[in-house]
Amino acid sequence: MESFVYEVQANRVIFGTGKIKKVQFELKKLGRKRGLVISTQEQSELAEKVQSLLSNLCGGVYTKARQHVPLDTVEEALKLVRKQNVDSLIPVGGGSSIGLAKAIALHTSFPIVAIPTTYAGSEMTPIWGITENGLKKTGKNLVVKPKSVIYDPELTYTLPSRLTVTSGMNAIAHCVEGLYAENANPIMSLLAEEGIRTLSLSLPKILADPLDTNARSKALYGCWLGGTVLGSVGMALHHKLCHVLGGSYNLPHAETHTVILPHVISYNANGAPEAIKVIARAIGCDENDAPGALFDLMNSLEVPISLKEIGMKESDLDVAAKIATETPYYNPSPINERAIRQLLERAYKGIRPQLVNI
Ligand code: NAD
């Protein structure tokens, strides 16, 4: 067995239908008295519900969170934080709302009680990001990792089918990269395999019946595992490509993860053969066909399977390959610009991937 380092990042998880009602209890447990509720505009009704559950422990509501945490929203929210004299943050929503809470925590060190409603997994990581002048700066700091996370599957029933599937694929991507990250370890690999299995079984059930309570719970559980893996071990080529495509070409976050993942698994087949076996076992396919089987799964779930469908221009592929290879993340297969350009071309065209020799 290879040597490894395993670090525990403590937090509390409250999981179950109706558990949103525990929000006041969780804030009190942290010894806080004035929480700022944070959401996107689209989820302002849910933010109001959290406000009423908090009752006199609510210090304000900010409902202008946006994707990729633009700096102007951070500055505006910080003004509200000072004006209302709040002492804690309660994001309710997906990675955008949680991301804004993290950016505020970076400045204030206020504890976060997160109530996620997508499968992106940000609530389980110490990773923050802020976008200024079109450039997203990211970093890691334990101060931004939520102290308490309430997973209430009922809040995910309204997640539209397309976002349900692509967000679930985002969580599967966290698990996949955790299997071959530079600091991978056997504990996180167990969680990663279970996460891939749980999500790949539950997403088709949710598509067939968005109110399938058991499948919704299982998907949220899988997302918790994916977020935990992402927060504990590093990322590799897949996340690097998604950051470049999202950051430089403004492609939608979860859909980009969905399109790119099978192609990266294919790219990494030689460098991470054990991980490919685990992925195949988790999705229940032949180990020589893991990327293809994942591609088929997405195709059957009615989500985009090509970069072209989500707004990428073919003429941008050369520059994207260049940017992605200039300062690469650690990756088990060697990174070279020509091979990455070919990967992007296959993803652009939505070609079913096979195992590739790099
Ligand atoms: P999102 O938070 O941007 O949400 C997308 C849209 O769906 C929003 O309008 C939101 O209000 C709506 N929505 C969310 N939950 C809903 C529900 N249950 N019902 C109906 N509508 C709902 O999407 P996301 O994919 O969760 O987050 C993407 C962002 O998170 C990106 O900026 C990404 O970089 C970041 N992210 C960060 C980390 C991290 O560790 N820091 C991890 C994953 C993602």
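Only a predicted model underlies this, so the values are computations on that prediction, with no experimental measurement involved. (Residues numbered from 1 in each chain as written. Predicted model: local features only at pLDDT ≥ 70, side-chain atom pairs only at ≥ 80, totals over all residues. Heavy atoms only, no water.)

*Asks:* What should I look at first to understand the sheet that holds strand E8 (residues 148–151) in this one?
*Replies:* If you trace the six strands from one edge of the open sheet to the other, you get E1-E8-E5-E4-E2-E3, paired in parallel fashion. Two strands close off the open sheet at either side, each with one partner strand: strand E1 (12–15) and strand E3 (58–62). Strand-to-strand twist across the sheet, computed as the mean angle between neighbouring axes with direction ignored, equals 15 degrees. The sheet contacts of helix H2 (residues 44–54) involve strand E2 (35–38), E3, strand E4 (88–93) and strand E5 (113–116), and relative to E4 the element is tilted by about 140 degrees. Along the sheet face, helix H3 (residues 71–84) touches E2 and E3 and points at about 160 degrees away from the line of E3. (Pairing = 2+ DSSP bridges. Helix = DSSP H or I, 4+ residues; strand = E, 2+ residues; numbered from the N terminus. Axes fitted to C-alpha atoms, helices over the stretch in contact; angles between N-to-C directions. Contact = heavy atoms within 4.5 Å.)

*Asks:* Looking at this model, I keep getting lost on the nonpolar core. Mind explaining?
*Replies:* In a soluble, globular protein the nonpolar side chains are often hidden away together inside. Membership of the largest hydrophobic core comes to 72 residues, with the highest contact counts inside it found for Leu307 and Leu344. Per-element accounting of this core gives the leading share, nine residues, to helix H5 (residues 161–180). Domain assignment of the residues forming this core places at least three in each of domain 1 (12–156) and domain 2 (161–349). If we ignore the near neighbours within four places in the chain, the residues touching Leu344 are Leu241, Leu245, Ile260, Leu307, Leu317, Ala320 and Ala321. (Core = buried A, V, L, I, M, F, W, Y, C linked by side-chain atoms within 4.5 Å. Buried < 20%, exposed > 50% of the residue type's maximum accessible area, 1.4 Å probe, protein only. Domains from an automatic or database assignment.)

*Asks:* For this particular structure, what's the right way to read the domain arrangement of the chain?
*Replies:* When the parts come together, some accessible area is lost, and that loss is often what is quoted as the size of the interface. Looking at the chain, the domain boundaries give domain 1 (12–156) and domain 2 (161–349). The C-alpha-based centres of domain 1 and domain 2 are spaced at 26 Å. Contact with domain 1, which involves 19 residues of that partner, is made by 22 residues of domain 2. Interface area for domain 1 against domain 2, summed over the two sides, is near 1700 Å², with a carbon-plus-sulfur share of 66%. Counting the contacts that link domain 1 with domain 2 gives zero salt bridges. Where domain 1 packs against domain 2, one counts five residue pairs in polar contact (both at pLDDT 80 or more). Considered class by class, the residues forming the side of domain 1 that touches domain 2 number nine nonpolar, seven polar and three charged. (Buried area = accessible area lost by both parts, 1.4 Å probe. Salt bridge = Lys/Arg side-chain N within 4 Å of Asp/Glu carboxyl O. Polar contact = N/O pair within 3.5 Å; in protein donor to acceptor, adjacent residues only side chain to side chain. Nonpolar A, V, L, I, M, F, W, Y, C, P; charged D, E, K, R; others polar.)

*Asks:* I'm lost on the pairing of strand E6 (residues 127–132) in this one. Help?
*Replies:* Summarising burial for E6: five of the six residues are buried, a large majority. By the bridge criterion, six bridges tie E6 to strand E7 (residues 135–140) in an arrangement that is antiparallel. When the sheet's bridge partners are listed, Glu132 is paired in E7 with Leu135. Hairpin connection from E6 to E7: two residues lie between these consecutive antiparallel strands, with Asn133 at a positive phi of about 50 degrees.

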